[in-house]
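Structure at a glance
Letter by letter, the chains look like this.
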Amino acid sequence: MLGAASATYLMSNPSSAFSLINVQEPLIKNLKSQFPSPVIIDSIDILHFKGNYLVRVTSEDGYVGISQANSRLKNTLTFFKNQVAGYFLNKDAREIEKLVDQVYVIKRNYKYAGLTLWNSVAHIEIAILDMLGKAAGLPVNQMIGHVKRTEIPVYMSSTERGTTAEEEVEWVSKRVEETNSNAVKLKIGGRMSKNKDAYLGRSEDLIKLSREVWEEDFTIYFDANGSYDVAKAIEMGKMLQDYNIGFYEEPVPWEDFAGTKEVNEGLSMNVAGGEQDNSLYKWKWMIKNRAFDIAQPDIMYNGGMIRSLQVARMCDEAGIPCTLHSPKHNALASYMLHFASIVKDPGAHQEFRAKPPKDESYFSPNFKVKNGQLSVPEGPGFGIDFDPGYLKKCEKV
C-alpha cells in the first residue's frame, strides 16, 4: 500500500523552485486516501550488471520499485549516494512531491543544481513512483493523473551523424517501413560544433533528400544539437521551412536561451528545445518569453515525473506542447509513455529511438512500434517487470 505526494503543497519553503508555478492543486492527488498508513523508504540500491544500471527502492513493508538508469548516472554515483539517496531514506513515500521539492536545499544541493543533482533525484523518484504504483496495483499514469490516451504516436529518432545523407535516409526508411511510422527525426550540424557540419554539405543534402523520399504528408523533424550560432541557425531554419519540416530542435547551444528566442523570432516554423534544462526558473522564462514553440524536457535530466509535469503545467498555461526528449528503446521508454498519456498536449509524436536495442531480455514487455504507435504499459507501476534471474546477477554498487 503506497502513495505519493502530499495532499497539500508545502508553501513554507521560500527557496522552493515550485513557488514559481501555480500550486493551488498538488500534482498528485488522493495517495494518502489510497495509503492511509505511512510508506517508509527503507533502502535505495544501485544495481549493476555488464554496464547496465538500475535503481531499486524498497519500503519497510517490502514493496519494491525499480527505475532503469540512463547513461549519465554511472558518472555521478558518488554524488547520488552522498548527497541525494540518504535524504530519501526513512521518509514517507506518500510525500514524494514535497521530498522532490526539498532535496534542492538539503545539504546545500542547490550548489550542484543541474544534471548532476536532478538526474540523481529523478532515478529515485521514478523508482518510488514505480513502487507506489505496484503497491497500489495501479499503473503510474492512473495513480497520478487522468489518462487521456493509451496509444502514443511516435517518430523514429536517429542519433547518427557518421552516415552520409544517402545512408541515413536508407536505414531510417527501413525502420519506417517496419514500424509503419509516419514521422522521423534526423540530425543536422556537427553537435555543438560552431557551425561545422559532420562533413561539408551533409546537412543540406540530408534535408533535400529526406523530403524527396518522404512526401509532404510525412512528418520530418530535424535536430541540430546546438550546432549553430544565431545567424547560421536562422539560415538553416529558412531552408527547413522551405521543405515543410515539422520542428527545428536545439538550433543554438542549449545554454543560449536568448539566442534560441532570437532564432524562433526569425523563423515561421516551430522551434523546439529544453532537453538539457532542469531549472524551473529558466523553464518559466523560456515558456513565458516564447523562446521556443515546443518544450522538450528530459524526464531524467529534469528531475523526474513530478518536475516534468510542472513544466507541462507551465506549457498548458502558455498554450504550447510539452513533449519529452526520449531517444530510448529500453525500459526508459515507459516513463515517456506514462507522461504522454496524461499531459494535456504532448505534441503530435513522441520520440522513440530508431535503432533497435541489442538486449531486451532483462525486462518485459519489450516495446514494439505498430502502425506508428506504442501502447502504454498496462501493468502496475510503470508496467515494467525486470527478470528476477537478471536481478540476481546484478551487484550492488
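Given the structure is predicted, the values throughout are model-derived calculations rather than measurements.

**A short note on the nonpolar core**
General note: in soluble globular proteins, nonpolar side chains tend to be found buried as a group. Of all hydrophobic cores here, the largest spans 119 residues; its most connected members are Phe 88, Ile 128, Leu 129 and Tyr 248. It is helix H4 (residues 115–136) that contributes the most residues to this core, 12 residues altogether. Excluding residues within four positions of it along the chain, Ile 128 makes contact with Ile 41, Val 57, Phe 88, Ala 93 and Ile 96. Within the second largest apolar cluster, 6 residues are counted, among which are Tyr 155, Tyr 221, Phe 247 and Ala 272.

**Topic: helix H10 (residues 280–288)**
Residues Leu 280, Lys 282, Trp 283, Met 286 and Ile 287 constitute the buried set of H10. Projected down its long axis, H10 carries its buried residues within an arc of 150 degrees, all on one side. Summarising the contacts, the buried residues of H10 are in contact with helix H9 (257–265), strand S8 (271–273), strand S9 (294–295) and helix H11 (305–318). After H10 finishes, the residue Arg 290 shows a positive phi value of roughly 50 degrees.

**Focus on the packing of helix H6 (residues 165–179) against helix H7 (residues 202–213)**
Interhelical geometry of H6 versus H7 gives an angle of 40 degrees and a closest axis separation of 9 Å. Relative to H7, the element H6 is oriented oblique. Crossing hand, H6 versus H7: right-handed. Of the residues in H7, those in contact with Ala 165, Glu 166, Glu 168, Val 169 and Ser 173 of H6 are Arg 202, Asp 205, Leu 206, Leu 209, Ser 210 and Val 213. Taken together, the residues of the contact of H6 with H7 sort by class into 5 nonpolar, 2 polar and 4 charged.

Criteria and cut-off values
- Residues numbered from 1 in each chain as written.
- Predicted model: local features only at pLDDT ≥ 70, side-chain atom pairs only at ≥ 80, totals over all residues.
- Heavy atoms only, no water.
- Core = buried A, V, L, I, M, F, W, Y, C linked by side-chain atoms within 4.5 Å.
- Buried < 20%, exposed > 50% of the residue type's maximum accessible area, 1.4 Å probe, protein only.
- Helix = DSSP H or I, 4+ residues; strand = E, 2+ residues; numbered from the N terminus.
- Contact = heavy atoms within 4.5 Å.
- Arc of directions from axis to C-beta.
- Axes fitted to C-alpha atoms, helices over the stretch in contact; angles between N-to-C directions.
- Parallel < 35°, antiparallel > 145°, perpendicular 65-115°, else oblique.
- Left-handed = near helix turned anticlockwise from the far one by under 90°.
- Nonpolar A, V, L, I, M, F, W, Y, C, P; charged D, E, K, R; others polar.

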